[in-house]
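Each chain is listed here by its residues.
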Amino acid sequence: LIMAQLILCCMRGDDNFKENMETVETAAEFLGNGVCALDLAGAEALYETRAFSDIFKYASNLKIPFTIHAGEAAGPLNIWQALELGAARIGHGVTCVKDEKLVDELISRKIPLEMCITSNVQTKAVQKLSEHPVYSLLKRGACVTINTDNMTVSDTNMEKETNLLKDTFKLDKHDMQKLMHNSANATFVNEDIRKKIREKIKGD
């Protein structure tokens, strides 16, 4: 059985406030019925996260959980701002390692980082695979998760990403199980479903 839900995406930009508000309202209408959360994506380097505070204040009032793309094309400030807005997860977040206080905050609050190692190299968020902070963050106790980003653009899938990670950083069974548990804990589902996922991981 494969269970899937949608995360509806708001976009950074100057003239899409109306469309973003419509996205929030659509998420509220279908939350728990095919939709599980919201996101913010787009040109991060051009638009600070705080510029969209009204959007996510509205989402919070409607009790819609959300993730925000931050710390890929811009620095730690955007991640701090995403946390201030109430983001439950951070899309990418690779530049968090430039701010030790931020890393400590992410670990303390158990904020999942949606890392996409192939895409992060392609977009120059990191210069080369061996320099990706995913492994060091995992070892420090950060809630790192592995993701594909755009599978078509990056020509990847979860199997490729997992194998690339294992081959590059020589992950052991314990590391892989930790990643799977992180993913289970990061899901936008209720605790009963999370528990079933964790039990499945333990059984495997």
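These numbers were taken from a predicted model, which means no experiment stands behind them. (Residues numbered from 1 in each chain as written. Predicted model: local features only at pLDDT ≥ 70, side-chain atom pairs only at ≥ 80, totals over all residues. Heavy atoms only, no water.)

## Digging into unusual backbone geometry
The phi dihedral of Lys110 is positive, around 55°, even though this residue is not glycine. With respect to the secondary-structure elements, Lys110 resides in the loop between helix H4 (100-109) and strand S5 (113-115). (Helix = DSSP H or I, 4+ residues; strand = E, 2+ residues; numbered from the N terminus.)

## A word on the layout of surface pockets
Unfilled space is identified by rolling a water-sized probe across the atoms. For the largest pocket, the calculated volume is near 1300 Å³. The wall of the largest pocket is formed by 31 residues, among which Met3, Ser183, Ala184, Thr187 and Ile197 lie closest to the centre. Those elements that provide at least two residues to the lining of the largest pocket are strand S1 (6-11), strand S6 (144-146), helix H8 (158-169), helix H9 (173-186) and helix H10 (191-203). With six residues, the single largest contributor to the lining of the largest pocket is H9. Roughly 220 Å³ of internal volume is contained in the second largest pocket. Along the walls of the second largest pocket sit Asp39, His69, Arg89, Gly91, His92, Glu114, Cys116, Asn147, Thr148, Asp149 and Met151, which together make up its complete lining. Top contributing element to the lining of the second largest pocket by residue count: strand S4 (residues 89-92), with three residues. Within the lining of the second largest pocket, the residues separate by chemical class into two nonpolar, five polar and four charged. (1 Å grid on protein atoms, 1.4 Å probe; cavity = no way out; pocket = protein on both sides within 12 Å on 5 of 7 lines; lining within 4 Å. Points joined across faces, edges and corners; volume = space filled by probe spheres on them. Nonpolar A, V, L, I, M, F, W, Y, C, P; charged D, E, K, R; others polar.)

## Quick notes on helix H3 (residues 76-85)
Burial analysis of H3 places seven of its 10 residues in the buried class, the great majority of the element. Buried residues of H3: Pro76, Asn78, Ile79, Gln81, Ala82, Leu83 and Leu85, and no others. For H3, the secondary structure elements touched by its buried residues are helix H2 (53-61), strand S3 (67-70), S4 and H4. Positioned one or two residues after H3, Gly86 has a phi angle of 105°, which is positive. (Buried < 20%, exposed > 50% of the residue type's maximum accessible area, 1.4 Å probe, protein only. Contact = heavy atoms within 4.5 Å.)

## Some details on the sheet that holds S6
Read across the open sheet, the four strands follow the order S3-S4-S5-S6; overall the sheet is parallel. Two strands lie at the open edges of the sheet, namely S3 and S6, each paired on one side alone. Pairwise comparison of adjacent strand axes, ignoring direction, gives a mean angle of 30° for this sheet. Where H3 meets the sheet, its contacts fall on S3 and S4, and the angle it forms with S3 comes to roughly 165°. (Pairing = 2+ DSSP bridges. Axes fitted to C-alpha atoms, helices over the stretch in contact; angles between N-to-C directions.)

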